[in-house]
Amino acid sequence: MTRSISIVFYLLIAAVTCVMAYQIQPYQAGEAVWTCGRRTRKSAQNRLLLTGIFGILFMTAALRFDIGNDYGQYTQTAHEAYVGGYVVTEFGFNQLVRFLYGLAGGEYYELVFAVFAFVTLLLFLKAFMRQSVSFPQTFFLFMTLGLYFQTFNTMRYYLALSIALFSMKYVLEKDYLKFAFWIVLAALFHKSVLLVLPVYWIATLEWKRWQIAAGLAVSAVCYLGRGLVLKLALVLYPSYRNTVYLEGGGSLPNILRTLVVLALYGWFVFVHGRVPGGKSLKEQGWYPELRFYGQLNLLALVTGTFFSFLPVVTRIAYYFSVSQLFMIPLILQNIRERRTRRKVTAIVVAACVLYFVIFLLQAHQDGVKLLPYRSWLFETERYTYQ
């Protein structure tokens, strides 16, 4: 495909799947899914729509060829892992590659990409269904913020990110054993996810103003002493030594997006802080969850600014900012005045569509390489190694 046709193709995928998502009907508390041994009509329809969404997204990801800035690198890494060469990838990835290549009887890296796409999408959609107050809105954000298409890059990391998002439910419910299990499992594929073990727990606590101020001060000191901090970081990630990643990993679009989301959060808290004669915001049952997301986004902002000198720091920030998929629908759902809720929702939708269009127009650039779309179904070229 040419770049223009590929952009239209991606737009079509996003439009079709979002329309399908908005047809999924939410369940009421205690609503039955099965009656007389059969699924209810709503349940069957929802299941069919979810299967269709998953099928479209999975096939698009699994059939891609040389799409993503590290596709070729992963084929070589998989080869080295299979033959016992030196690799810097984690144990889980290496063992999975050896298993899949042994099962297939050869170095069919297409199978590796397909398996990662399958599990990553499954976990994202599962998290959306069970945790978001609005599956359609969360899915819309997933597509228009470009997160789905970014899973075509760094597949180990996005698998870990999907597990981190999936595990948020457990840390909010204080089910720390399940939370730790899922994060340790994710670390078998990308060890950076271990960072969320303490951070997600800390984000569930109510931060005082002096604690936020102290944290910002420490972050500023780290930025001033960034040379020493970078040396310590390279002890943990020696593979980044003497690479282009040392130029820094901050992302201006992600920083601006997080600023906008925090502004929305601040406006909501200010306007809905107290209802005359009613419950205060902090007395609402959903407030601890909203506070958790808000504090994670503050961490994302701090990480992307004060620690922008660290290699690929955007990946660390994404563990925090991915909570926007749940946070924005939660805010929109709880805006009291109907007219205001409609206006804010319209603004969010327009901003996301604009963001998506800009994202696609830049998706051909180095470091992204999502355009033009190619599928191995129509390619004779393959990566081969001796």
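Residues numbered from 1 in each chain as written. Predicted model: local features only at pLDDT ≥ 70, side-chain atom pairs only at ≥ 80, totals over all residues. Heavy atoms only, no water.

Engineer: In this structure, what is going on with unusual backbone geometry? I would like to understand it.
Structural biologist: Across residues other than glycine, the phi torsion is negative in most instances, and most of the peptide bonds are trans. Between Leu371 and the following residue, Pro372, the backbone shows a cis peptide bond with an omega angle of -10 degrees. In this model, Lys369 sits at a positive phi of 55 degrees, which is unusual for a non-glycine residue. Note on placement: Lys369 falls in the segment after helix 17 (338-361). Relative accessible area serves as the criterion here: at 34%, Lys369 is assigned to the partly exposed category. (Helix = DSSP H or I, 4+ residues; strand = E, 2+ residues; numbered from the N terminus. Buried < 20%, exposed > 50% of the residue type's maximum accessible area, 1.4 Å probe, protein only.)

Engineer: Can you help me understand the packing of aromatic side chains in this one?
Structural biologist: The description of an aromatic ring pair uses the distance of the two centres, along with the angle that the planes make with each other. Scanning all chains against the criterion turns up 39 aromatic pairs. Geometrically, the ring pair formed by Phe124 and Phe142 is tilted, given 5.0 Å between the ring centres and 45 degrees between the ring planes. Here Phe124 is found in helix 5 (residues 109-131), whereas its partner Phe142 is found in helix 6 (residues 135-144), with 18 residues between them in sequence. Residue Phe124 shares its accessibility class with Phe142, and that shared class is buried. Its end group placed over the ring of Phe166, Arg130 keeps NZ or CZ at 3.7 Å from the ring centre. (Phe/Tyr/Trp six-rings, centres within 6.5 Å; stacked < 30°, edge-to-face > 60°. Lys NZ or Arg CZ within 6 Å of the ring centre and 35° of its normal.)

Engineer: Sorry if this is basic, but what is going on with the nonpolar core here?
Structural biologist: As a rule of thumb, soluble globular proteins bury nonpolar side chains together. Of all hydrophobic cores here, the largest spans 106 residues; its most connected members are Phe128, Phe139, Phe142, Met143, Tyr200 and Tyr319. If we skip the residues at most four places from it in the chain, Tyr319 touches Tyr157, Ala160, Leu161, Ala164, Met168, His190, Ser192, Val193, Val196 and Tyr200. One finds Val229, Phe307, Phe309 and Val313 within the second-largest nonpolar core, a separate group that totals seven residues. (Core = buried A, V, L, I, M, F, W, Y, C linked by side-chain atoms within 4.5 Å. Contact = heavy atoms within 4.5 Å.)

Engineer: Could you clarify how one ought to interpret the packing of helix 13 (residues 252-271) against helix 14 (residues 287-306) in this entry?
Structural biologist: The packing of two helices is summarised by the inter-axis angle and the distance between the axes. Put simply, helix 13 and helix 14 touch, their axes get as near as 10 Å, and they point 145 degrees apart. Two packed elements cross with a definite hand, and for helix 13 against helix 14 that hand is left-handed. In contact with Ile255, Thr258, Leu259, Val261, Leu262, Tyr265 and Phe268 of helix 13, helix 14 contributes Leu290, Arg291, Gly294, Asn297, Leu298, Ala300, Leu301, Gly304 and Thr305. (Axes fitted to C-alpha atoms, helices over the stretch in contact; angles between N-to-C directions. Left-handed = near helix turned anticlockwise from the far one by under 90°.)

Engineer: Help me understand the layout of surface pockets, please; the structure alone is not making it clear to me.
Structural biologist: A water-sized probe, rolled over the atoms, reveals where empty space remains. In this structure, the second largest pocket encloses a volume near 1,100 Å³. Considering the residues around the second largest pocket, the lining is formed by 35 residues, among which Leu195, Val199, Thr303, Ile316 and Phe320 are closest to the centre. For the lining of the second largest pocket, the secondary structure elements donating two or more residues are helix 10 (196-203), helix 11 (209-224), helix 12 (226-236), helix 14 and helix 15 (313-321). Examining the composition of the lining of the second largest pocket, we find that seven residues originate from one element, helix 11, more than from any other. In terms of residue class, the lining of the second largest pocket is made up of 27 nonpolar, six polar and two charged. (1 Å grid on protein atoms, 1.4 Å probe; cavity = no way out; pocket = protein on both sides within 12 Å on 5 of 7 lines; lining within 4 Å. Points joined across faces, edges and corners; volume = space filled by probe spheres on them. Nonpolar A, V, L, I, M, F, W, Y, C, P; charged D, E, K, R; others polar.)

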